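A look at the structure
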Amino acid sequence: MPHMNRDQRNAAWQAAHQWRARATRTQPNGVAGGLKLLFTWLAFGMLMIVGIVLGFFFLLAGWAMMPFVRHKMKKRMEQMRAQQAHDIGGNHSEPSSGTRHRDVLEGQYEIKSETEKKN
């Protein structure tokens with residue numbers, strides 16, 4: 001029996017014993033406790049079902065919207081490519097004077113005519 005006394009003095013053993021006693025006290029007793037437990041499980045089950053249905057709905061809605069999003073992205077890419085092609089090879093109006101301005105990535109530069117170079 002000295003072995004049992006040593007275990008009973010252990011703090012972890014005492015805490016476990018207290019938890020066990022508390023759990024037996026809080027168990028539902030009688031019809032009221034059983035109904036409370038039943039309604040708790042029903043509420044939890046209903047929340048799980050609602051969550052699954054909502055998740056499934058949003059998944060299907062996302063899949064249904066994918067062709068529309070793809071079409072919109074395609075149109076946007078076509079507009080960007082057309083704008084880029086216009087920027088690269090578009091017809092720029094030349095100034096009436098002899099200089100021509102060009103737009104490049106770094107900025108602008110001028111092409112001077114031969115007459116301006118001599119001055």
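1. Side note on the overall build of the protein chain
Within the protein chain, the secondary structure is distributed over 4 helices and 2 strands. Listed by position from the N terminus, the elements making up the protein chain come as α-α-α-β-β-α. Out of the 119 residues in the protein chain, the part that is buried amounts to 3%. Summed over its atoms, the accessible surface of the protein chain is roughly 11500 Å², and 64% of this surface lies on carbon and sulfur atoms.

2. Let's talk about helix α3 (residues 30–89)
With 60 residues, α3 should cover 88 Å at 1.5 Å per step; its first-to-last C-alpha distance of 87 Å lies within 8% of that length. Of all the bends in α3, the largest measures some 35° and sits at Met66, one to four residues before the proline Pro67.

3. Brief notes about the confidence of the model for the protein chain
The pLDDT averaged across the protein chain works out to 80; a share of 71% of its residues lies at or above 70. Highest mean pLDDT in the protein chain belongs to α3 (92); lowest belongs to strand β1 (residues 100–103) (58).

4. Quick notes on a nonpolar patch on the surface
A cluster of nonpolar residues, Val31, Leu35, Leu38, Phe39 and Leu42, forms a patch on the protein surface that exposes about 510 Å² of accessible area. Note that Phe39 resides in helix α3.

5. Some details on the packing of aromatic side chains
According to the stated counting rule, one finds 2 aromatic pairs in the structure shown. Their ring planes at 85° and their centres at 6.0 Å tell us that Trp41 and Phe44 sit as a pair that is edge-to-face. Taken together, the residues Trp41 and Phe44, both in helix α3 and 3 residues apart, mark about one turn of the helix. For Trp41, a relative accessible area of 56% corresponds to the exposed category.

Thresholds, definitions, all that
- Residues numbered from 1 in each chain as written.
- Predicted model: local features only at pLDDT ≥ 70, side-chain atom pairs only at ≥ 80, totals over all residues.
- Heavy atoms only, no water.
- Helix = DSSP H or I, 4+ residues; strand = E, 2+ residues; numbered from the N terminus.
- Buried < 20%, exposed > 50% of the residue type's maximum accessible area, 1.4 Å probe, protein only.
- Areas by Shrake-Rupley, 256 points an atom, 1.4 Å probe, with all protein chains shown as cover.
- Expected span 1.5 Å × (residues − 1).
- Bend = angle between axes of the 7 residues up to and from the residue.
- pLDDT = per-residue confidence, 0-100.
- Patch = residues over 30% accessible without salt bridge, like charges linked within 9 Å, V, L, I, M, F, W, Y side chains within 5 Å.
- Salt bridge = Lys/Arg side-chain N within 4 Å of Asp/Glu carboxyl O.
- Phe/Tyr/Trp six-rings, centres within 6.5 Å; stacked < 30°, edge-to-face > 60°.

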